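Spelled out, the chains give:
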Amino acid sequence: MASAAITLAAEAPKLSSANTGFMLIASALVLIMTPGLAFFYGGMVRVKSTLNMLMMSFISIGIITILWTLYGFSLAFGTDHGSLIGWTSDWVGLSHIGLTELWPGYTIPVFVFMVFQMMFAIITPALISGALADRVKFTAWSLFIALWATIVYFPVAHWVWGAGGWAFELGVIDFAGGTAVHINAGAAALGVILVIGKRVGFKRDPMRPHSLPLVMLGAGLLWFGWFGFNAGSWLGNDDGVGALMFVNTQIATAAAMLAWLAYEKIRHGAFTTLGAASGAVAGLVAITPSGGAVSPLGAIAVGVIAGVACAAAVGLKYRFGFDDSLDVVGVHMVGGIAGSLLIGLFASGKGQSDVQGLFYGGGLHQFWIQCAGVFGVLFYSLIVSAILAFLIDKTLGMRVSEDEEISGIDQAEHAETAYDFSGAGGGIGSGSLAAQETKKVDA
């Protein structure tokens, strides 16, 4: 008995400074994705909505950080209750967590796992904001994301990643958030826009991006931060799976960008900057759930399929008449569905687990499991998000007035504008048009 106890003690995980340091860096990379998303969305809207779009992402950092600290971490990753929700009272307010207390089965402290998952919780509601551009009250949005995180995100995170969650126990594979993050946010976006309606001038007025360089900057930050988002989700570097995910993230993203560009060249006759940025994001979304299960060649297939599928899907809003302002449904929901379901086809059995997809001899068993996770999360988020938006709209009111929307939501909600041109040739000075005309008159 004594020797067995010694053996068990020797096999118990010990804190790894390498994995801990890596996960802290990965957490910071995930955090930078939210400002990256703000720039990505901010460049895609018209000038008069730029600041509002930035603020809709930034406010998520503040609200979700506090909620996650108070009770979100406990709800998502605490002791399972009925396979639907977690709860550990000792984690409320992050109390009673030892500095060197390890996350069960891993070599990183609980605090490190907690803060890594906090960054996921922050960016997920921020993703929804792109669908609601130009028309939502800032106070209503802030209330919505607080309620949505509590009622939708925290429980869904438990379903997918929490020990005892129904999707986790069923065997749904979601390496870094295809269901919990992207399908969840995309379905929520669809639910909200079906309630609040279209922008003034939808399908009539031009609503082109005001700054494509800003879009590309945001896409670049997202791509950079996504390596922490994906590779970090293995919680360490001891067996090479995190490295596989890192490699597949790069490969799938590149493949999706090329596929999107090829699609729009064939369909519309041009390679657009917006298409390159959107294609890259589509690839990042699709490889998020699948990158630990597929081979690098499988990652190319995932990227190509997602790039084409998402490029085709963004036009559906015009056919069906729902105003998804910045294509959250077309990219995040569709990309998340594609990446999650393709695991059932392309899982190699040589990555995060021995599960094999259809093309590797595993049949359709895993595909049907993936379907359960995908559509369970999709319908729950869609329905609950629509109900939340309806209740807020009938009480606080979700939308700004039509006059405020037309004149500009930045000025109405934030009393600011994104760009001030008064000091760049707009005033009376030696270089201004007015000064030049005065010189002519004097002459």
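Residues numbered from 1 in each chain as written. Predicted model: local features only at pLDDT ≥ 70, side-chain atom pairs only at ≥ 80, totals over all residues. Heavy atoms only, no water.

Draft legend 1. Just the overall build of the protein chain, in detail. Helices and strands together make up the secondary structure of the protein chain, namely 17 helices and 2 strands. Burial statistics for the protein chain: of 443 residues in total, 55% are counted as buried. Surface summary for the protein chain: the accessible area is close to 18100 Å², and the carbon and sulfur share equals 68%. Across the protein chain, the 19 positively charged side chains and the 26 negatively charged ones have centroids separated by 12 Å. (Helix = DSSP H or I, 4+ residues; strand = E, 2+ residues; numbered from the N terminus. Buried < 20%, exposed > 50% of the residue type's maximum accessible area, 1.4 Å probe, protein only. Areas by Shrake-Rupley, 256 points an atom, 1.4 Å probe, with all protein chains shown as cover. Lys, Arg positive; Asp, Glu negative; His and termini not counted. Charge placed at Lys NZ, Arg CZ, Asp CG, Glu CD.)

Draft legend 2. Just the packing of aromatic side chains, in detail. Taken as a whole, this structure holds 28 aromatic pairs when the rule is applied. Each ring, one from Phe120 and one from Trp161, has its centre 5.9 Å from the other, and the planes form 90°; the classification is edge-to-face. Here Phe120, found in helix H4 (residues 110–128), pairs with Trp161, found in helix H5 (residues 138–161); they are 41 residues apart in sequence, far enough to count as distant. For the pair Phe120 and Trp161, a shared accessibility class is recorded, and that class is buried. (Phe/Tyr/Trp six-rings, centres within 6.5 Å; stacked < 30°, edge-to-face > 60°.)

Draft legend 3. A look at the nonpolar core. Within the largest apolar cluster, 122 residues are counted, with the highest numbers of intra-cluster contacts made by Trp68, Phe73 and Leu132. In terms of residue count, the dominant contributor to this core is H5 (15 residues). Apart from the residues within four sequence positions on either side, Trp68 is in contact with Phe73, Ala76, Phe77, Met114, Gln117, Met118, Ala121, Tyr153 and Phe154. (Core = buried A, V, L, I, M, F, W, Y, C linked by side-chain atoms within 4.5 Å. Contact = heavy atoms within 4.5 Å.)

Draft legend 4. The pattern of salt bridges, seen in detail. Per the stated rule, a full pass over the model turns up 7 salt bridges. Of the charged contacts in the structure, one is a salt bridge between Arg46 and Asp134, with a shortest N-O distance of 3.1 Å. In this pair, Arg46 is assigned in the loop between helix H2 (17–44) and helix H3 (50–77) and Asp134 in the loop between H4 and H5, connecting sequence segments 88 residues apart. With relative accessibility at 16%, the residue Arg46 sits in the buried group. Since its relative accessible area comes to 2%, Asp134 is described here as buried. (Salt bridge = Lys/Arg side-chain N within 4 Å of Asp/Glu carboxyl O.)

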